[in-house]
Amino acid sequence: MLRGMRKASSNWLGKSVMVVMFSVLIVSFGIWGIADVFKGSGRTDVATVGDATISTDQFRNIYTDRLQQFGRQFGRPLTSEQARAFGLDRQVLQQVLAESALDQQTKKMSLGLSDQDIARAIADDPNFKGLDGKFDRARFDAIIRNFGYNEQKYIAEQRRVSLRRQITGTITTGLEPTKTQMEALVRFQNEQRSVQYLTLTAAQAGKIDPPSPEALAAYFDERKQLFRAPEYRKIAILTLTPDEMAKAITVSDDDAKKEYDQKREKYVTPEKRQVLQITFPSEDEAKAARAKMDSGTSFEDLAKQRDLKPADIDLGTVTKASLGDPAFADVAFALPLNGVSQPVKGALSTALLKVTKIEAGNTPTFESLSAKIKTELAQQRARDQLRDLHNKIEDERGGGANIAEAAKKLGLGAVTIEAVDRSGRAPDGQPVKGLPSGVDIVSQAFASNIGVENDSIQNNGGEIWYDVLGITPSRDRPLDEVKAQAEQRWMDDQVATRLRAKATEIVDKLNKGGKLDTEATAAGVKVQTAGPFKRDADVKGVPDRLVNAAFRTPKDGIGQTEGSGPSDQIVFRVTDIVVPAIDMSSEDAKKLKDNLIRAMTEEQVQQYVGKVESELGTKINPSAFAVATGAAASQ
């Protein structure tokens, strides 16, 4: 990911390719783009857009949710420092400002959406459908709860999103990339290069004597900041999730059987049938058609005579409930396999029906579902317990107890981290154990302070509470405390300096006609080859820096770059460049075009939203923004 971002910053084509590669990220974080409007606003507000204000607490909650979503997407939590390094703090701010501006614009334009339209959109969302293809209320509740929503909050958010799309969809209709853009991107993405190279490691640096006390002291004095002890914080954390709480809950056979009997239909897999249908404007025409079939005309030939294609008569594999017209459903699910009905008069038309496939339904026994039902009931009871515990915990905190004290009083297992730095490491340099997964508690703790009652965090359907119990300030370490580290860093720097000089010397010789094989033999290393590879390739055994450098070097050109080790140096020659033929009808080109259209759509929306924000008036308070994202605590 880091390499892709580095490539993206090199030129406009790279940025375009990054847009293609990270289109999901772009859409997720809404990089609308705003002017540099950090001019200050209310003392406790992060920003104002027109008549709307975004408070520090409001933005902190949004920012935390976004980082958690991003962490789930990439399978590991993202610290606030990493988020700021990637620019995600500004991207989230830009999204929030853009959404606020569009919400005000929808009101100005008197756009609206009925409750029925919202309900229909949610019911049609495939994420909320069960195995039977229908809207599953329990699944809906579980999914939105996992993302920190209740029903009212989710519906309100979907209404706002739908109204924004009414505007953005209108202004982005018909966007198409030019042929020149497509050809440039296809070439950029598919060009391949091959290289020969040698790698210089510490073995080629020769013997390096340890530094004298004077040299080490001078080196340390110039780089004290590198050896400074970080700030540590003592944190109490309480994590409650329904899944973990459910493990301690026992559900009896009687309770599970009662649940099974009450909700038996929920567990039934209904019978499905593939149904063909030919409709007629009148009952008489349907009877005449059925008479033809009695005389030997097949159902399929009858359809052809009426200029109907197979797709026109195939209703698909359906359940009885989903067939629509009850009259048709009753007849279709009474027919034998390959049977054809008599004319059936429905609500809107008369039809002949044929069943070409039958998938039997299934009603699982209680015994086969007992374990699953007990798990579901235990989780439901755990959620009920969690709601009750939430209130009790907040009551204790309201009375002045920190989360460790509240947990002890309520018999819950809070975890106390004695000392952790911003990177999640203990004073011994090892990662701290006991931190909850999927959420960056450390960064949020460093944005808080002793005695601050922090809001709980929604995570995986549960809640996480944390409090800062103590702070050990950052301090300068004396040389005696870090002598071994300072000496090792001095040695590493000496190795790196020697290897850079040696690599530069080899490059000079090669540019004057020398041979890579000869220089490799003299250095005691072997010549290696790699390629052909594309610029975004992950080539096994080949450092990323070499791939990047190869695409900055012409054919037969010589170059040097850092290797995968801290001191390694690589000297290389580009042996071949393959410029791809352009096939605009290929699947890759079609996908690239789709992604480029999405990027163009983002840019069009960016310009529109920027104009709306400018008209409304947008101001940002940099101090409040730093507090909300944790940047203030790191400064």
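Residues numbered from 1 in each chain as written. Predicted model: local features only at pLDDT ≥ 70, side-chain atom pairs only at ≥ 80, totals over all residues. Heavy atoms only, no water.

Engineer: Any chance you could explain the packing of aromatic side chains here in plain terms?
Structural biologist: For any pair of aromatic rings, geometry is given as the distance between the ring centres together with the angle between the planes. In total, this model carries 10 aromatic pairs according to the counting rule given. Centre to centre, the rings of Phe128 and Phe140 are 4.9 Å apart; their planes meet at 90°, and the pair counts as edge-to-face. On the criterion of sequence distance, the pair formed by Phe128 in the loop between helix H7 (115–124) and helix H8 (137–146) and Phe140 in helix H8 is long-range, its members being 12 residues apart. Here the two residues Phe128 and Phe140 agree in accessibility, since each one is buried. Ring plane angle 15° and centroid distance 6.1 Å describe the contact between Tyr260 and Tyr267, whose orientation is recorded as stacked. Classification of Tyr267 as buried rests on a relative accessible area of 8%. Connected via pairs of aromatic rings, a cluster forms that spans Phe128, Phe135, Phe140 and Tyr154. Here the basic side chain of Arg233 rests over the ring of Phe446, its NZ or CZ set 5.0 Å away from the ring centre. For the cation-ring pair, Arg535 lies above Phe188, with the distance from its terminal atom to the ring centre recorded as 3.8 Å. (Phe/Tyr/Trp six-rings, centres within 6.5 Å; stacked < 30°, edge-to-face > 60°. Helix = DSSP H or I, 4+ residues; strand = E, 2+ residues; numbered from the N terminus. Buried < 20%, exposed > 50% of the residue type's maximum accessible area, 1.4 Å probe, protein only. Lys NZ or Arg CZ within 6 Å of the ring centre and 35° of its normal.)

Engineer: Explanation requested: the pattern of salt bridges in the structure shown.
Structural biologist: When charged atoms on two side chains of opposite charge get close, those side chains can pair. For the structure shown, the criterion picks out 44 salt bridges. Between Arg164 and Glu99 there is a salt bridge whose closest N-O contact spans 3.8 Å. In this pair, Arg164 is assigned in helix H9 (residues 151–171) and Glu99 in helix H6 (residues 88–108), connecting sequence segments 65 residues apart. Among the salt bridges present, the one from Glu157 reaches Arg164, with a minimum N-O distance of 3.8 Å. Look at Glu157 and you get buried, because its relative accessible area is 17%. Given the relative accessible area of 9%, Arg164 is considered buried. (Salt bridge = Lys/Arg side-chain N within 4 Å of Asp/Glu carboxyl O.)

Engineer: Which parts of the structure should I look at to understand the side chain of Thr168?
Structural biologist: Within the secondary structure, Thr168 sits in helix H9. Other than its neighbours up to four places away in sequence, Thr168 contacts Leu102 and Val605. (Contact = heavy atoms within 4.5 Å.)

Engineer: I keep staring at the confidence of the model for the protein chain and nothing clicks. Help me out?
Structural biologist: Residues shown with low pLDDT carry predicted positions that ought not to be read at fine detail. Residue-level pLDDT values for the protein chain average 84, and 91% of them are 70 or greater. Mean pLDDT in the protein chain bottoms out at helix H3 (residues 23–29), which sits at 36, and peaks at strand S3 (residues 192–200), which reaches 95. Segment residues 1–42: pLDDT under 50, and 90 contacts once partners within four positions in sequence are set aside and those in other chains are kept. (pLDDT = per-residue confidence, 0-100.)

Engineer: Help me understand helix H13 (residues 253–262) in this model?
Structural biologist: Residues spaced three or four apart along an α-helix face the same direction, because each turn holds 3.6 residues. Within the span of H13, buried status applies to Ala256, Glu259 and Tyr260. Projected down its long axis, H13 carries its buried residues within an arc of 100°, all on one side. Of the exposed residues in H13, those oriented more than 90 degrees away from the buried face are Asp254, Lys258 and Gln262. Packing partners of the buried residues in H13 comprise helix H14 (264–267) and helix H19 (366–398). (Arc of directions from axis to C-beta.)

Engineer: How should I be thinking about the pairing of strand S2 (residues 52–55) in this particular structure?
Structural biologist: Walk down a regular strand and you will see the side chains alternate between the two sheet faces. Taken together, the 4 bridges between strand S1 (residues 45–49) and S2 define a ladder with antiparallel strand orientation. Looking across to S2, one finds that Thr48 is bridged to Thr53. (Pairing = 2+ DSSP bridges.)

Engineer: Explain H6 to me, please; I cannot follow it from the model alone.
Structural biologist: Its 21 residues give H6 an end-to-end C-alpha distance of 30 Å, which sits within 8% of 30 Å, the value for a rise of 1.5 Å per residue. Among the 21 residues that make up H6, 18 are buried, leaving the element largely enclosed by the rest of the structure. One or two positions beyond H6, positive phi appears at Ser110, with a value near 60°. (Expected span 1.5 Å × (residues − 1).)

Engineer: I tried to follow the sheet that holds strand S15 (residues 618–620) on my own but got confused; where do I start?
Structural biologist: The strands making up a sheet associate through hydrogen bonds between their backbones, and the pairing can be parallel or antiparallel. Taken in spatial order, the 3 strands make up an open sheet running S2-S1-S15, and their pairing is antiparallel. With one partner strand each, in any of the chains shown, S2 and S15 form the two edges of the open sheet. Between one strand axis and the next, the sheet turns by 10° as a mean value, whatever way the strands run. Note that S1 and S15 share 3 bridges and pair antiparallel. Residue pairing in the sheet places Thr48 in a bridge with Lys619 of S15. Together, S1, S2 and S15 form the strand contacts of H6, whose direction differs from that of S1 by roughly 35°. (Axes fitted to C-alpha atoms, helices over the stretch in contact; angles between N-to-C directions.)

Engineer: Would you mind going over the sheet that holds strand S9 (residues 415–420) with me for this structure?
Structural biologist: Strand order across the open sheet formed by 4 strands is S9-S4-S11-S10, with antiparallel pairing between neighbours. Since the sheet does not close on itself, it has two edges, and those belong to S9 and strand S10 (457–459), each with one partner. Averaged over neighbouring strand pairs, the angle between their axes works out to 30° when direction is ignored. Strand direction decides the pairing type here: strand S4 (residues 232–240) and S9, joined by 4 bridges, are antiparallel.

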